[in-house]
Amino acid sequence: AAGQSIPYQQQARGILERLVSFRSAEGQGQVPAEAAYIVEQLRAAGIPDADIVTMPRGETLSMIVRIPGSDASARPIMFSAHMDVVDARPEDWERSPFTLVEENGFFYGRGVGDNKTGVTALVSTILRLKADGVRPRRSLLFTFVGNEETEGTTAGDIVAHPWTRGAEYAINTDAGGGQLSPEGRPLIYFVQGAEKTFATFRITARNPGGHSSVPRPDNAIYDLARGLLGIERFQFPVMANDLTRSYFAAVGQVETGPIAPMLRRFAADPNDAEALAAIRAEPEYANKLATT
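This one's a predicted model, so the numbers in the text were calculated from it and none came from an experiment. (Residues numbered from 1 in each chain as written. Predicted model: local features only at pLDDT ≥ 70, side-chain atom pairs only at ≥ 80, totals over all residues. Heavy atoms only, no water.)

**Remarks on the packing of aromatic side chains**
So, step 1. For the coordinates displayed, the defined rule picks out six aromatic pairs.
So, step 2. Residues tyrosine 247 and phenylalanine 248 carry aromatic rings whose centres are separated by 5.2 Å and whose planes lie at 65° to one another, so their mutual orientation is edge-to-face.
So, step 3. Chaining the aromatic ring pairs together yields one cluster made of Phe190, Tyr247, Phe248 and Phe266.
So, step 4. Over the aromatic face of tyrosine 108 sits the side chain of arginine 95, whose NZ or CZ is 3.7 Å from the ring centroid. (Phe/Tyr/Trp six-rings, centres within 6.5 Å; stacked < 30°, edge-to-face > 60°. Lys NZ or Arg CZ within 6 Å of the ring centre and 35° of its normal.)

**Overview of the nonpolar core**
So, step 1. Grouped together as the largest cluster of nonpolar side chains are 28 residues, with contacts concentrated most on Ile38, Leu42, Val65, Phe142 and Phe144.
So, step 2. For this core, the secondary-structure elements that each account for two or more residues are helix H1 (7–20), helix H2 (31–45), strand S2 (60–67), strand S3 (77–82), helix H3 (112–131) and strand S6 (140–145).
So, step 3. Not counting residues up to four positions away in its chain, the partners in contact with valine 65 are Leu42, Ile47, Asp51, Ile52, Ile126, Leu140, Leu141, Phe142 and Phe144.
So, step 4. The next biggest cluster of nonpolar side chains, apart from the first, holds 15 residues, and it includes Tyr247, Val251, Met262 and Leu276. (Core = buried A, V, L, I, M, F, W, Y, C linked by side-chain atoms within 4.5 Å. Buried < 20%, exposed > 50% of the residue type's maximum accessible area, 1.4 Å probe, protein only. Helix = DSSP H or I, 4+ residues; strand = E, 2+ residues; numbered from the N terminus. Contact = heavy atoms within 4.5 Å.)

**Points about the packing of H2 against H3**
So, step 1. The contact between H2 and H3 brings their axes to 9 Å, and the two run at 15°. Viewed along their axes, H2 and H3 adopt a mutual orientation that is roughly parallel. In this structure, the crossing between H2 and H3 has a hand that is right-handed. In this structure, H2 uses Glu34, Ile38, Gln41, Leu42 and Ala45 to contact H3, whose residues at the interface are Lys116, Val119, Val123, Ile126, Leu127 and Lys130.
So, step 2. Taken together, the residues of the contact of H2 with H3 break down into seven nonpolar, one polar and three charged. (Axes fitted to C-alpha atoms, helices over the stretch in contact; angles between N-to-C directions. Parallel < 35°, antiparallel > 145°, perpendicular 65-115°, else oblique. Left-handed = near helix turned anticlockwise from the far one by under 90°. Nonpolar A, V, L, I, M, F, W, Y, C, P; charged D, E, K, R; others polar.)

Put into structure tokens, the structure is as follows:
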């Protein structure tokens with residue numbers, strides 16, 4: 001298959017296949033085993049233990065692999081990928097989620113897109129650098145997060161480690177990426193400029209209540225239902241800026257169908273109500289308009 005003919009590409013495919021086999025979701029406790037497999041590959045290639053650090057945290061862990069640079073005064077560059085996945089129940093999948101399947105030029109398996117291909121890319125790069133005897137000027141730090149899909153606390157452990165302090169760049173493999181046409185022609189390459197976080201809200205409805213044989217005209221269930229409908233109707237205000245407008249303008253040049261001119265119109269004028277309504281109807285683009 002294309003992209004799998006060179007030895008290092010074949011090696012990377014084997015690594016991805018093995019990584020997909022780990023059910024590394026929260027509660028499964030397989031992230032340490034996945035990390036151990038990665039360490040095994042690195043040690044076999046000659047990466048010294050002194051350049052590998054693992055930091056356990058409960059059932060999971062994080063890991064940093066260092067390729068020392070030749071210039072101690074140059075600030076390091078970080079690369080990041082996460083080893084964990086959102087869980088998948090095999091009975092809900094058409095194919096086995098923890099077996100890498102290739103069909104018609106596509107890979108299927110839990111984590112292929114998010115983000116074990118990213119992990120594979122980092123591991124493969126380390127192995128190639130070692131095999132080719134490359135000594136970069138800057139130190140390169142390859143970081144592997146263990147619970148990105150849940151609390152994200154292992155990322156904090158990585159940031160707090162002495163190796164990563166002062167790093168000039170942090171390049172995340174779990175964002176951006178290329179888009180191809182149906183014929184396989186490269187269309188555009190995305191680079192993520194920011195990361196959203198989340199907030200959790202708990203809504204409680206209280207009511208004096210009463211006996212079911214003497215019902216009140218109002219009750220907590222109805223109050224809660226009205227509150228939920230209010231959330232459904234609410235729309236966060238548009239937060240257009242230079243970055244998002246540039247994004248919509250660029251994507252509008254390569255996108256096809258009725259949405260394409262709407263993307264370009266919004267980029268030119270974020271107050272264009274028709275363009276805004278069209279984009280809000282497309283989940284792929286609506287989440288880039290504002291807080292969701």
